[in-house]
Amino acid sequence: MKKYDRLIFVSNSDTCRGPMAEAIMKSKFLLASLEIVSRGLVVLFPEPVNQKAEAIAASHGLTMKGHTAKALEQEDFNERTLVLVMEDSMKQKIFQEHENVHNIYMLSEYIKEEREVKDPVGGSLADYGACYELLERMISSLVVVLNEEELLC
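Report on the accompanying structure. The shown structure was predicted, so the numbers you read here are calculated from the model rather than taken from an experiment.

Reading guide: rules and limits
- Once a new chain begins, its residue numbering starts again from 1 and follows that chain's sequence as written.
- Residue-level local features of this predicted model are given only where pLDDT is at least 70; pairs of side-chain atoms are given and counted only at 80 or more, and the full residue set underlies all totals for whole chains, interfaces and linings.
- Water and hydrogen atoms were dropped before computing side-chain values, which therefore reflect all heavy atoms in the structure.
- The pairing criterion is simple: DSSP has to find at least two bridges between the two strands.
- The secondary structure listing takes helices from DSSP runs of H or I that are at least 4 residues long and strands from runs of E that are at least 2 residues long, numbered from the N terminus.
- Comment: axis = line fitted to C-alpha atoms, over the contacting stretch for helices; angle = value between 0 and 180 degrees taken between N-to-C directions.
- Throughout, a residue-residue contact means that at least one pair of heavy atoms, one from each residue, lies within 4.5 Å.
- Each residue's exposure class comes from its accessible area (1.4 Å probe, protein chains only) as a fraction of the maximum for that residue type: buried when under 20%, exposed when over 50%, partly exposed otherwise.
- The handedness of a crossover follows from its direction of travel: if, with the strands pointing away from the viewer, the path from the first strand over the helix to the second runs clockwise, the crossover is right-handed.

Quick notes on the sheet that holds strand S1 (residues 6-11)
Inference 1: If you walk across this open sheet you meet the four strands as S2-S1-S3-S4, and the pairing is parallel. Of all the strands in the sheet, the pair left with one neighbour each is strand S2 (35-40) and strand S4 (104-106). Taken pair by pair, the neighbouring strands of this sheet meet at an average axis angle of 25 degrees, ignoring direction.
Inference 2: By the bridge criterion, six bridges tie S1 to S2 in an arrangement that is parallel. Residue pairing in the sheet places Ile-8 in a bridge with Val-37 of S2.
Inference 3: Packed on one face of the sheet, helix H1 (residues 17-26) meets S1 and S2 and runs near 150 degrees to S1.
Inference 4: Across the sheet, helix H3 (residues 88-97) touches S1, strand S3 (81-85) and S4, and the angle it forms with S4 is around 160 degrees.

Below you can see the structure in the form of structure tokens.
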């Protein structure tokens, strides 16, 4: 039996890192089906993906068109959902603001690395590209971890 049914990537506003991670993850092969979404910690209104993030994703053959920012809600948490945040401070904020939370890790923590995925918002296109490359590498490692977990279940 598979460990998780759903994977949520959490970023600040759900307009850059989270949607990029979601798009990258959806392009990968997983042994078990998994619903993959992104959410934000601070989403005041639905807004589209950051234009620079969309341009970088498109340059890698991925699209985030149609994505609208959505806030992380209490209903998103259950024992069959894996929640991966970009920075440790986000994990702490989730524990402070929500009850009965399960399976929350920093993306790097889940793949046994020690690195946060910093927000490139306000930076150059090269900064967004570097963020994408980091996410691509980390998510490739994540796929290996999730597929290994699937084989062990």
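And the narrative resumes.
A look at the pairing of S1
Inference 1: Counting buried positions over the six residues of S1 gives six, a clear majority of the element.
Inference 2: Every second residue of S1 is oriented toward a common face, with Arg-6, Ile-8 and Val-10 on one face and Leu-7, Phe-9 and Ser-11 on the other, all of them buried.
Inference 3: Crossover connection from S1 via H1 to parallel S2: handedness right-handed.
Inference 4: Bridge count for S1 against S3 is five bridges, and the pairing is parallel. Looking across to S3, one finds that Phe-9 is bridged to Leu-84.

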